[in-house]
Amino acid sequence: MFGFKNKMKKKNELSMDSMQNGVEMISAADPSSVIAEQFKTVRTNIQFSNADHSYRNILLTSSMASEGKSTIAANLAVTFANQGLRTLLVDADMRRPTINATFSIANPKGLTNYLTDRDFDVNQAIYETSVENLFVMPSGPVPPNPAELLNSKRMDLLIKALSEQLDLVIYDAPPLLSVTDAQVLSTKVEGTILVTRQNTTEKDAVKHAVDLLKHVNANIIGSIYNDVRSEGGSGYYGYYGYGYYGKSDKEQKNS
Ligand SMILES: Nc1ncnc2c1ncn2[C@@H]1O[C@H](COP(=O)(O)OP(=O)(O)OP(=O)(O)O)[C@@H](O)[C@H]1O
Ligand SMILES: [Mg+2]
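These figures come from a predicted structure and were not determined experimentally. (Residues numbered from 1 in each chain as written. Chains lettered and ligands numbered in written order. Predicted model: local features only at pLDDT ≥ 70, side-chain atom pairs only at ≥ 80, totals over all residues. Heavy atoms only, no water.)

Some words on unusual backbone geometry
Part 1 of the reasoning: With a phi angle near 65°, N199 is a residue other than glycine that sits in the positive phi range.
Part 2 of the reasoning: Position of N199 relative to the elements: it lies in the loop between strand 6 (191-197) and helix 11 (203-215).
Part 3 of the reasoning: The residue N217 is not glycine, and still its phi comes out positive at about 60°. (Helix = DSSP H or I, 4+ residues; strand = E, 2+ residues; numbered from the N terminus.)

Have a look at this one:
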C-alpha cells in the first residue's frame, strides 16, 4: 500500500516524463504515419503564414506546463529538416529541459554556457543528430536567473548569429503563465506559436497568455492544437492541427 501511495502523483504535480525520458520523435520514427503527416501540414501552414519571406526563427510556448511544447517543437524540427532546411532546435526551457534526454546527450554544454561565458564558442553547444539537417542546442547547466539571461544582449547576438548560420531555428520555451522567459524571448524572434492542448488548456489561460504576448508586441503567428481527439482518430496521440488567431498584430499595423 505504501509503495503504491508513493508512486501516486500528487494533484498538480508536474510531469517529469519528458525531462527524464525525452519526448517522442514520431516524425523521425515513422515518417509516413498519420502524425508525421499532421506535422507536415503544420509545417506548410507556418510557411504559408508568411508570404514575404520564410521565418528564420520561431518560438513555441503555451499558457501552462505539459501542453506539448517540447514534443511539438522536436517533431516540427524534424519535419522542417526533412524538407532539406538546416534546422536547429534550441532548448530555451532552462527550467524543464528535454533535449538532452530526447537526443541522449549526457552532460551537454548548451545555451547557458554561451550566455554566461564570454569565451565560450557557440559551436560547442550545437550537436548533430541522426536526422539529416537537424541540429540541437541543449539548455546547458541550470542557471539561477534564466529570465535575466534570456533578456541579455548576448541572447540577442546569439539569435542573430544562429539565424545567419541556419535556415530555421526553433526555440522551445517555458509556459507563459508561470515565468517571464517566453514573454521575453517572444520579443526577440520573428514569430511566436502558442500550443494549446485539448481538454487541458483552459480558455481563460489562453486569453491570459495571448494578452501577455500582445503586451510585449510579440508577433503571434498562430496556434497549434495538440492532442485533438476525434472519432475514428489516430488514437493515443490524437491529431495535431494548426490554426490562426487571424492576422498578427504587426501585419495589421502594416496593412
Ligand atoms: N498529443 C499527445 N498525445 C499524448 N501524449 C502527449 C501528446 N503531446 C504530449 N504528450 C505527452 O505529454 C507530456 C508533456 O509533453 P511535453 O513535454 O511535450 O509538454 P511541454 O509543454 O513541453 O511541457 P513543459 O511545460 O514541461 O515544458 C509528455 O509526457 C508527452 O509525451
Ligand atoms: Mg517542454
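There's plenty left to go through after this.
A look at the site of ligand 1
Part 1 of the reasoning: Near ligand 1 there are 17 residues, and of these S18, K69, S70, T71 and R96 occur at the shortest range.
Part 2 of the reasoning: Between ligand 1 and D17 there is a distance of 2.9 Å, counted from an oxygen atom to a side-chain nitrogen or oxygen.
Part 3 of the reasoning: In this structure, an oxygen atom belonging to ligand 1 sits 3.0 Å away from a side-chain N or O atom of R197.
Part 4 of the reasoning: Protein contacts shield 93% of the accessible area of ligand 1, which totals 630 Å² for the unbound molecule.
Part 5 of the reasoning: Within the residue set of the shell around ligand 1, elements represented by two or more residues are helix 2 (17-21), helix 5 (69-82) and strand 7 (220-228).
Part 6 of the reasoning: The element best represented in the shell around ligand 1 is helix 5, accounting for 3 residues.
Part 7 of the reasoning: Counted by class, the shell around ligand 1 contains 4 nonpolar, 6 polar and 7 charged residues. (Near = heavy atom within 4 Å. Polar contact = N/O pair within 3.5 Å; in protein donor to acceptor, adjacent residues only side chain to side chain. Areas by Shrake-Rupley, 256 points an atom, 1.4 Å probe, with all protein chains shown as cover. Nonpolar A, V, L, I, M, F, W, Y, C, P; charged D, E, K, R; others polar.)

With respect to the pattern of salt bridges
Part 1 of the reasoning: Applying the stated criterion across every chain, the model contains 7 salt bridges.
Part 2 of the reasoning: Here R95 makes a salt bridge to D181, at a shortest N to O gap of 2.9 Å. Of this pair, R95 sits in the loop between strand 2 (87-91) and helix 6 (99-102) while D181 is found in helix 10 (residues 181-186), placing the two residues 86 residues apart along the sequence.
Part 3 of the reasoning: When its relative accessible area of 0% is taken as the criterion, D181 is described as buried.
Part 4 of the reasoning: Notably, a salt bridge pairs D227 with R197, separated by 2.9 Å at the nearest N-O pair. (Salt bridge = Lys/Arg side-chain N within 4 Å of Asp/Glu carboxyl O. Buried < 20%, exposed > 50% of the residue type's maximum accessible area, 1.4 Å probe, protein only.)

Observations concerning the pairing of strand 4 (residues 134-137)
Part 1 of the reasoning: The side-chain alternation of strand 4 yields two buried faces, one formed by L134 and V136 and the other by F135 and M137.
Part 2 of the reasoning: As paired elements, strand 2 and strand 4 share 4 bridges and run parallel to each other. Across the sheet, residue L88 finds its bridge partner in strand 4, namely F135.
Part 3 of the reasoning: As judged from the 2 bridges shared by strand 3 (residues 127-128) and strand 4, these two strands associate in the antiparallel manner. Counted as the bridge partner of E128 is F135 from strand 4. (Pairing = 2+ DSSP bridges.)

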